[in-house]
Amino acid sequence: MRILLTNDDGIASPALAQLRRVLSPFGRVITIAPDRNQSAMSQALTLSRPLRIHELEEDVYSVDGTPTDCVLVAFHGKILEPPDLVVSGINHGPNMGEDVFYSGTVAAAIEGVLQGVPGIAASLVTRQQTDFREAADTVGNVVRQVLSRGLMRRLLLNINVPHRPAAELKGVQITRLGTRVYEDTLVRKVDPRGRDYYWVGGEDPVWQPHEGTDFQSVHDGFVSVTPMQLELTDQALRADMQGWGLTP
Ligand code: MN
(Lines give C-alpha, C1' and ligand atoms only; values in the text may rest on other atoms or scores of the structure.)
Protein backbone atom coordinates (compact mmCIF):
# COMPACT_ATOMS: atom_id res chain seq x y z
CA MET A 1 0.00 0.00 0.00
CA ARG A 2 1.14 3.52 -0.80
CA ILE A 3 0.26 6.22 1.70
CA LEU A 4 0.45 9.92 0.86
CA LEU A 5 1.29 11.96 3.92
CA THR A 6 0.79 15.72 3.89
CA ASN A 7 0.40 18.51 6.43
CA ASP A 8 -0.88 22.05 6.01
CA ASP A 9 1.56 23.31 8.65
CA GLY A 10 4.27 22.72 6.07
CA ILE A 11 7.16 20.39 5.40
CA ALA A 12 8.97 21.56 8.57
CA SER A 13 6.22 20.29 10.87
CA PRO A 14 7.65 17.82 13.40
CA ALA A 15 4.37 15.89 13.09
CA LEU A 16 5.45 14.55 9.70
CA ALA A 17 8.33 12.45 11.00
CA GLN A 18 6.15 11.14 13.81
CA LEU A 19 3.38 10.10 11.43
CA ARG A 20 5.90 8.52 9.05
CA ARG A 21 7.12 6.45 11.98
CA VAL A 22 3.67 5.11 12.85
CA LEU A 23 2.39 4.73 9.24
CA SER A 24 5.41 3.00 7.71
CA PRO A 25 4.41 -0.46 9.05
CA PHE A 26 1.30 -0.22 6.86
CA GLY A 27 3.04 0.57 3.58
CA ARG A 28 5.32 2.93 1.71
CA VAL A 29 4.82 6.45 3.03
CA ILE A 30 5.42 9.28 0.57
CA THR A 31 5.49 12.74 2.13
CA ILE A 32 4.46 15.69 -0.04
CA ALA A 33 3.83 18.87 1.92
CA PRO A 34 3.75 22.62 1.31
CA ASP A 35 7.14 24.32 1.66
CA ARG A 36 5.65 26.68 4.27
CA ASN A 37 2.65 26.95 6.55
CA GLN A 38 -0.55 26.79 4.52
CA SER A 39 -3.08 26.55 7.33
CA ALA A 40 -6.64 27.73 6.65
CA MET A 41 -6.12 27.44 2.90
CA SER A 42 -9.09 25.11 2.66
CA GLN A 43 -9.31 23.46 -0.79
CA ALA A 44 -7.36 26.21 -2.57
CA LEU A 45 -5.55 25.41 -5.80
CA THR A 46 -2.64 27.33 -7.26
CA LEU A 47 -3.73 28.29 -10.77
CA SER A 48 -1.85 31.49 -11.59
CA ARG A 49 1.76 30.29 -11.50
CA PRO A 50 3.72 27.06 -11.90
CA LEU A 51 4.34 24.66 -9.03
CA ARG A 52 7.89 23.62 -8.17
CA ILE A 53 8.53 20.31 -6.47
CA HIS A 54 11.70 19.62 -4.51
CA GLU A 55 12.83 16.14 -3.49
CA LEU A 56 14.35 16.64 -0.03
CA GLU A 57 15.14 12.99 0.61
CA GLU A 58 13.83 9.67 -0.63
CA ASP A 59 10.00 9.80 -0.64
CA VAL A 60 9.93 13.31 0.89
CA TYR A 61 8.95 16.26 -1.30
CA SER A 62 8.05 19.89 -0.75
CA VAL A 63 5.78 21.89 -3.04
CA ASP A 64 5.47 25.68 -3.22
CA GLY A 65 1.71 25.41 -3.10
CA THR A 66 -1.31 24.49 -1.02
CA PRO A 67 -2.15 21.21 0.72
CA THR A 68 -4.57 20.36 -2.09
CA ASP A 69 -1.84 21.09 -4.67
CA CYS A 70 0.28 18.50 -2.83
CA VAL A 71 -2.43 15.86 -3.16
CA LEU A 72 -2.81 16.64 -6.86
CA VAL A 73 0.96 16.29 -7.30
CA ALA A 74 0.75 12.86 -5.67
CA PHE A 75 -2.01 11.68 -8.00
CA HIS A 76 -1.02 13.40 -11.24
CA GLY A 77 2.57 14.57 -10.87
CA LYS A 78 4.03 11.43 -12.45
CA ILE A 79 6.73 11.26 -9.80
CA LEU A 80 5.24 8.14 -8.23
CA GLU A 81 2.36 5.71 -8.47
CA PRO A 82 -0.87 7.23 -7.15
CA PRO A 83 -1.40 6.59 -3.44
CA ASP A 84 -4.00 4.22 -2.00
CA LEU A 85 -4.65 6.38 1.06
CA VAL A 86 -4.18 10.04 2.01
CA VAL A 87 -3.27 10.94 5.59
CA SER A 88 -3.19 14.65 6.46
CA GLY A 89 -1.69 15.95 9.68
CA ILE A 90 -1.11 15.92 12.44
CA ASN A 91 -2.28 19.52 12.45
CA HIS A 92 -0.96 21.76 15.21
CA GLY A 93 -4.37 22.87 16.53
CA PRO A 94 -7.95 21.63 16.41
CA ASN A 95 -10.08 21.13 13.30
CA MET A 96 -13.60 20.71 14.62
CA GLY A 97 -17.12 21.77 13.71
CA GLU A 98 -17.45 24.43 11.01
CA ASP A 99 -13.69 24.89 11.01
CA VAL A 100 -13.45 21.93 8.64
CA PHE A 101 -14.55 24.35 5.91
CA TYR A 102 -11.41 26.46 6.41
CA SER A 103 -9.00 23.69 7.25
CA GLY A 104 -6.19 22.84 4.88
CA THR A 105 -5.69 19.64 6.85
CA VAL A 106 -9.22 18.41 6.24
CA ALA A 107 -9.19 19.70 2.65
CA ALA A 108 -6.20 17.50 1.79
CA ALA A 109 -8.08 14.45 3.08
CA ILE A 110 -11.14 15.55 1.10
CA GLU A 111 -9.00 15.83 -2.02
CA GLY A 112 -7.94 12.22 -1.48
CA VAL A 113 -11.60 11.20 -1.49
CA LEU A 114 -12.23 13.31 -4.61
CA GLN A 115 -9.35 11.42 -6.25
CA GLY A 116 -10.96 8.12 -5.30
CA VAL A 117 -9.08 6.94 -2.19
CA PRO A 118 -9.83 7.18 1.52
CA GLY A 119 -8.74 10.33 3.34
CA ILE A 120 -7.88 10.68 7.01
CA ALA A 121 -7.27 14.06 8.66
CA ALA A 122 -5.73 14.25 12.13
CA SER A 123 -5.31 17.22 14.46
CA LEU A 124 -3.90 17.74 17.93
CA VAL A 125 -6.00 20.06 20.04
CA THR A 126 -3.36 22.41 21.39
CA ARG A 127 -1.49 25.56 20.45
CA GLN A 128 1.33 24.72 22.87
CA GLN A 129 4.74 23.52 21.75
CA THR A 130 4.61 19.74 21.28
CA ASP A 131 6.63 16.93 19.72
CA PHE A 132 3.51 15.07 18.39
CA ARG A 133 5.02 11.75 19.52
CA GLU A 134 2.15 10.49 21.65
CA ALA A 135 -0.47 12.00 19.36
CA ALA A 136 1.11 10.12 16.44
CA ASP A 137 1.02 6.87 18.42
CA THR A 138 -2.69 7.49 19.04
CA VAL A 139 -3.42 8.33 15.40
CA GLY A 140 -1.43 5.29 14.29
CA ASN A 141 -3.47 3.05 16.57
CA VAL A 142 -6.75 4.41 15.20
CA VAL A 143 -5.55 4.15 11.59
CA ARG A 144 -4.44 0.54 12.15
CA GLN A 145 -7.90 -0.40 13.43
CA VAL A 146 -9.59 1.43 10.54
CA LEU A 147 -7.34 -0.21 7.92
CA SER A 148 -8.02 -3.64 9.40
CA ARG A 149 -11.57 -3.24 8.11
CA GLY A 150 -10.35 -2.67 4.56
CA LEU A 151 -10.02 0.45 2.44
CA MET A 152 -13.46 1.97 1.89
CA ARG A 153 -13.52 4.16 -1.18
CA ARG A 154 -15.43 7.15 0.17
CA LEU A 155 -14.04 6.93 3.70
CA LEU A 156 -13.32 10.38 5.10
CA LEU A 157 -12.38 10.64 8.76
CA ASN A 158 -11.63 13.73 10.81
CA ILE A 159 -9.67 12.82 13.94
CA ASN A 160 -9.04 15.27 16.80
CA VAL A 161 -6.76 14.17 19.62
CA PRO A 162 -6.92 15.88 23.04
CA HIS A 163 -3.62 17.25 24.29
CA ARG A 164 -2.95 14.98 27.24
CA PRO A 165 -0.68 12.00 27.94
CA ALA A 166 -1.84 8.95 25.98
CA ALA A 167 -2.36 7.07 29.24
CA GLU A 168 -4.93 9.70 30.25
CA LEU A 169 -7.08 9.39 27.12
CA LYS A 170 -10.52 8.11 28.04
CA GLY A 171 -11.06 6.27 24.76
CA VAL A 172 -12.34 6.92 21.25
CA GLN A 173 -15.75 8.38 20.47
CA ILE A 174 -17.37 8.45 17.03
CA THR A 175 -18.71 11.97 16.80
CA ARG A 176 -20.50 14.53 14.65
CA LEU A 177 -19.21 17.96 13.76
CA GLY A 178 -19.97 20.48 16.49
CA THR A 179 -21.08 24.10 16.29
CA ARG A 180 -18.99 27.13 17.07
CA VAL A 181 -20.18 30.12 18.97
CA TYR A 182 -19.05 32.92 16.71
CA GLU A 183 -17.28 35.73 18.47
CA ASP A 184 -14.97 38.45 17.19
CA THR A 185 -13.17 36.83 14.26
CA LEU A 186 -11.72 40.04 12.87
CA VAL A 187 -9.56 42.13 15.18
CA ARG A 188 -9.00 45.79 14.31
CA LYS A 189 -5.79 47.47 15.45
CA VAL A 190 -3.84 50.57 14.55
CA ASP A 191 -0.43 50.28 12.91
CA PRO A 192 2.61 52.46 13.84
CA ARG A 193 1.66 54.94 11.10
CA GLY A 194 -1.82 55.42 12.50
CA ARG A 195 -3.71 53.35 9.95
CA ASP A 196 -6.21 50.65 10.79
CA TYR A 197 -5.32 47.06 10.03
CA TYR A 198 -7.27 43.87 10.53
CA TRP A 199 -6.23 40.46 11.72
CA VAL A 200 -8.46 37.48 10.99
CA GLY A 201 -9.17 35.27 13.97
CA GLY A 202 -9.08 36.37 17.58
CA GLU A 203 -9.31 34.06 20.56
CA ASP A 204 -9.84 30.33 20.10
CA PRO A 205 -13.51 29.68 19.36
CA VAL A 206 -16.06 28.79 22.00
CA TRP A 207 -18.23 25.77 21.28
CA GLN A 208 -21.82 24.88 21.94
CA PRO A 209 -21.73 21.98 24.41
CA HIS A 210 -23.82 19.53 22.38
CA GLU A 211 -23.74 15.80 23.15
CA GLY A 212 -22.02 13.66 20.58
CA THR A 213 -19.98 16.45 19.02
CA ASP A 214 -16.27 16.44 18.28
CA PHE A 215 -15.80 19.36 20.65
CA GLN A 216 -17.61 17.64 23.52
CA SER A 217 -15.60 14.41 23.12
CA VAL A 218 -12.26 16.20 23.06
CA HIS A 219 -13.35 18.31 26.01
CA ASP A 220 -14.19 15.14 27.93
CA GLY A 221 -10.80 13.58 27.12
CA PHE A 222 -11.77 11.26 24.27
CA VAL A 223 -10.23 10.99 20.84
CA SER A 224 -12.88 12.28 18.44
CA VAL A 225 -13.35 10.44 15.14
CA THR A 226 -15.91 12.10 12.85
CA PRO A 227 -16.94 10.25 9.69
CA MET A 228 -17.60 12.90 7.06
CA GLN A 229 -19.23 12.92 3.64
CA LEU A 230 -19.09 15.42 0.81
CA GLU A 231 -22.83 15.43 0.05
CA LEU A 232 -23.88 18.96 1.09
CA THR A 233 -27.30 18.99 -0.53
CA ASP A 234 -30.09 19.90 1.90
CA GLN A 235 -32.49 17.12 0.91
CA ALA A 236 -35.36 18.36 3.10
CA LEU A 237 -35.17 21.87 1.67
CA ARG A 238 -34.79 20.43 -1.82
CA ALA A 239 -38.02 18.47 -1.36
CA ASP A 240 -39.79 21.55 -0.01
CA MET A 241 -38.50 23.82 -2.77
CA GLN A 242 -39.90 21.48 -5.44
CA GLY A 243 -43.23 23.06 -4.52
CA TRP A 244 -42.09 26.70 -4.61
CA GLY A 245 -42.75 27.07 -8.31
CA LEU A 246 -39.61 29.13 -8.94
CA THR A 247 -39.42 30.47 -12.48
CA PRO A 248 -36.48 31.95 -14.45
MN1 MN B 1 -2.45 23.83 10.11
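This section reports on the structure supplied with the text. (Residues numbered from 1 in each chain as written. Predicted model: local features only at pLDDT ≥ 70, side-chain atom pairs only at ≥ 80, totals over all residues. Heavy atoms only, no water.)

**Here we look at the overall build of the protein**
Part 1 of the argument: Scanning the protein for helices and strands turns up six helices and 13 strands.
Part 2 of the argument: Relative to the compact-globule value of 18 Å for 248 residues, the protein shows a C-alpha radius of gyration of 19 Å, a close match.
Part 3 of the argument: Taking the principal axes of its C-alpha atoms as reference, the protein extends roughly 55 × 55 × 50 Å.
Part 4 of the argument: Taking the intrachain contacts of the protein between residues at least 6 apart in sequence as the baseline, contacts between residues at least 24 apart amount to 74%.
Part 5 of the argument: Accessible area of the protein: about 13,400 Å², with a carbon and sulfur share of 52%. (Helix = DSSP H or I, 4+ residues; strand = E, 2+ residues; numbered from the N terminus. Rg over C-alpha atoms; globule rule 2.2 N^0.38 Å. Contact = heavy atoms within 4.5 Å. Areas by Shrake-Rupley, 256 points an atom, 1.4 Å probe, with all protein chains shown as cover.)

**Considerations on the coordination of the manganese ion**
Part 1 of the argument: Looking at the manganese ion, one finds its protein donor set to be Asp8 (OD), Asp9 (OD), Ser39 (OG) and Asn91 (OD1), positioned 2.1 to 2.2 Å from the metal centre.
Part 2 of the argument: Given the relative accessible area of 33%, serine 39 is considered partly exposed. (Donors = N, O, S within 2.8 Å, 3.2 Å for Na, K, Ca; no water. Buried < 20%, exposed > 50% of the residue type's maximum accessible area, 1.4 Å probe, protein only.)

**Quick word on the packing of helix α1 (residues 14–23) against helix α4 (residues 133–147)**
Part 1 of the argument: With their axes 9 Å apart at the nearest point, α1 and α4 run at an angle of 35° to one another. Along this stretch, α1 crosses α4, giving a crossing that reads as right-handed. From α1, Gln18, Leu19, Arg21, Val22 and Leu23 reach across to α4, where they touch Arg133, Ala136, Asp137, Val139, Gly140 and Val143.
Part 2 of the argument: Of the residues belonging to the contact of α1 with α4, the class tally is six nonpolar, two polar and three charged. (Axes fitted to C-alpha atoms, helices over the stretch in contact; angles between N-to-C directions. Left-handed = near helix turned anticlockwise from the far one by under 90°. Nonpolar A, V, L, I, M, F, W, Y, C, P; charged D, E, K, R; others polar.)

**What to know about the packing of aromatic side chains**
Part 1 of the argument: In this structure the tally under the stated criterion is one aromatic pair.
Part 2 of the argument: When the centroid spacing of 5.7 Å and the interplanar angle of 15° are considered together, the rings of tryptophan 207 and phenylalanine 215 count as stacked.
Part 3 of the argument: Classification of tryptophan 207 by relative accessible area gives buried; the value is 10%.
Part 4 of the argument: Judged by relative accessible area, phenylalanine 215 falls into the buried class, the value being 17%. (Phe/Tyr/Trp six-rings, centres within 6.5 Å; stacked < 30°, edge-to-face > 60°.)

**Section: the sheet that holds strand β13 (residues 222–227)**
Part 1 of the argument: With respect to topology, nine strands assemble into an open sheet ordered β3-β4-β2-β1-β5-β6-β7-β13-β8, the strand pairing being mixed. Only two strands of the sheet have a single partner each, and these edge strands are β3 (53–57) and β8 (171–174). Geometrically, the sheet is characterised by an average inter-axis angle of 20° between neighbouring strands, direction not taken into account.
Part 2 of the argument: Where strand β6 (residues 119–125) lies against strand β7 (residues 156–162), seven bridges are found, and the strand directions are parallel. From the neighbouring strand, isoleucine 120 faces β7, where its bridge partner is leucine 157.
Part 3 of the argument: Against the sheet, helix α3 (residues 104–114) contacts β1 (2–6), β5 (85–92), β6 and β7, and its axis sits at roughly 175° relative to β5.
Part 4 of the argument: Together, β5, β6, β7, β8 and β13 form the strand contacts of α4, whose direction differs from that of β7 by roughly 150°. (Pairing = 2+ DSSP bridges.)

**Concerning the side chain of glutamate 111**
Part 1 of the argument: Note that glutamate 111 resides in helix α3.
Part 2 of the argument: Summary of buried charges: glutamate 111 has no salt-bridge partner, and the nearest side chain of opposite charge, arginine 154, is 10 Å away.
Part 3 of the argument: Look past the residues within four positions of glutamate 111 in its chain and what remains in contact with it is Gln43, Thr68, Val71 and Leu72. (Lys, Arg positive; Asp, Glu negative; His and termini not counted. Salt bridge = Lys/Arg side-chain N within 4 Å of Asp/Glu carboxyl O.)

**What about the environment of valine 161?**
Part 1 of the argument: Inspection of the secondary structure assignment puts valine 161 in strand β7.
Part 2 of the argument: Judged by relative accessible area, valine 161 falls into the buried class, the value being 2%.
Part 3 of the argument: When the C-alpha positions of valine 161 and leucine 237 are compared, they lie 34 Å apart, and in sequence the two are 76 residues distant.
Part 4 of the argument: Apart from the residues within four sequence positions on either side, valine 161 is in contact with Ser123, Leu124, Val125, Ala135, Thr138, Val139 and Val223.

Read these as layout, nothing more, since geometry by itself doesn't imply function.
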